[in-house]
Amino acid sequence: MPELPEVETLCRQLRRVIANREILSVEILDPRLGAVEGLTGRKITAVTRQGKAVEMKLDNDARLLLHLRMTGKMQWQRAYQAVPPHTRFIIAFSHGRLLCIDTRRFATLAIKADGSSQAFVKEPLLDFRTEELYKIARVKKLPVKSFLLDQRWIAGIGNIYACEILHEVSINPWRPVCGVSLREWRKIERATKVILEKAITCRGTTVSDWRDLFGRKGQYQHELKVYGREGLPCLRCRGHIQRLRLSGRGTYFCPSCQKK
Ligand SMILES: [Zn+2]
């Protein structure tokens, strides 16, 4: 599933390719998406990320919101190429076309008429709000990893980066989040920023189907310290990385340096 670094990568690439370009046509191939009208002839004036969603602002102040969900990806075709299987919609420009390819069909596309941006305030890169998170968390008993994954508190962290962040700060993913001290929250903030920024420069993590706008794999999978490393030695303490399920998600951690 695309997480913050993958969606940010996509936004940066989309900005280079489609900003200030006029939409010639929109073709919806999957009826499940519903009708998306009023795009033809409009220019895209800005592309920004809202949590894990891509927001494209139009020259009439409307906004096109794209959420990739589980398996959605966007592909840019400069010259004519065949339409790949599982393509759900195509937006054509004079210099190429943008395709959404999505095997599981959970991606959504919606047009919002008003110009006001969605109030997404829990952006971990720009606005981590460490003390506020500490206050919310200290009365909650759920595991710290589940808290990091909850998009109401922090937008954009998914399973892979949550495992990496907790390993970086030596916190056990199952520890009740009420037991995370303010000092540890500051460490989580630092680790989150460093890991997500680095993953963005690597154009995301490709462990299964993530590809960027130009069909290339990300590179952060080569930087992962715990995720996907079950049975291998911990790069910090030489303990053995384990994989267990937490709320149905494969959770990788080092039982030696993430004891509690
Ligand atoms: Zn370790």
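I'm lost on the sheet that holds strand β4 (residues 63-67) in this one. Help?
Paired through backbone hydrogen bonds, the strands of a sheet run either parallel or antiparallel to each other. The strand order β2-β3-β4-β8 describes an open sheet built from four strands, whose pairing is antiparallel. For this open sheet the edge positions go to β2 (44-50) and β8 (108-112), each flanked by a neighbour on one side alone. Averaged over all pairs of adjacent strands, the angle between strand axes in this sheet comes to 20°, irrespective of strand direction. Judged from the five bridges that link them, β4 and β8 form a sheet pairing that is antiparallel. Looking at the pairing, R63 lines up with K112 of β8. Lying over the sheet, helix α1 (residues 4-18) contacts β2 and β3 (53-58), oriented at roughly 175° with respect to β2.

Would you mind going over the domain arrangement of the protein chain with me for this structure?
Accessible area lost during the coming together of the parts is what is often quoted as the interface size. Looking at the assigned domains, one finds that the protein chain contains domain 1 (4-112) and domain 2 (130-253). Taken over C-alpha atoms, the centre of domain 1 sits 28 Å from the centre of domain 2. Facing the 16 residues of domain 1 at the interface are 18 residues of domain 2. Considering every element that reaches the side of domain 1 that touches domain 2, the biggest residue donor is α1, with nine residues. A class-by-class count of the residues in the side of domain 1 that touches domain 2 yields seven nonpolar, five polar and four charged.

Explanation requested: helix α4 (residues 159-168) in the structure shown.
Three- or four-residue spacings in an α-helix give side chains the same orientation, since the helix completes a turn every 3.6 residues. Of all ten residues in α4, eight are buried; the element is thus mostly enclosed. Among all positions of α4, only I160, Y161, A162, C163, E164, I165, L166 and H167 are buried. Of the residues one or two after α4, S170 is the one with positive phi, at around 55°.

I would appreciate a short explanation of the nonpolar core in the present structure.
Side chains of a nonpolar character, in soluble globular proteins, are inclined to be buried together. Counting 58 residues, the largest nonpolar core has V54, L148, Y161, A162, C163 and V226 as the members making the most contacts within it. Viewed by domain, this core spans two of them, domain 1 (4-112) and domain 2 (130-253), each represented by three or more residues. Leaving out residues up to four positions away in the same chain, Y161 has contacts with E3, I195, L196 and A199.

Procedures and definitions
- Residues numbered from 1 in each chain as written.
- Predicted model: local features only at pLDDT ≥ 70, side-chain atom pairs only at ≥ 80, totals over all residues.
- Pairing = 2+ DSSP bridges.
- Helix = DSSP H or I, 4+ residues; strand = E, 2+ residues; numbered from the N terminus.
- Axes fitted to C-alpha atoms, helices over the stretch in contact; angles between N-to-C directions.
- Contact = placed C-beta atoms within 7 Å.
- Domains from an automatic or database assignment.
- Nonpolar A, V, L, I, M, F, W, Y, C, P; charged D, E, K, R; others polar.
- Buried ≥ 20, exposed ≤ 12 C-beta atoms within 10 Å, placed from the backbone.
- Core = buried A, V, L, I, M, F, W, Y, C linked by C-beta atoms within 7 Å.

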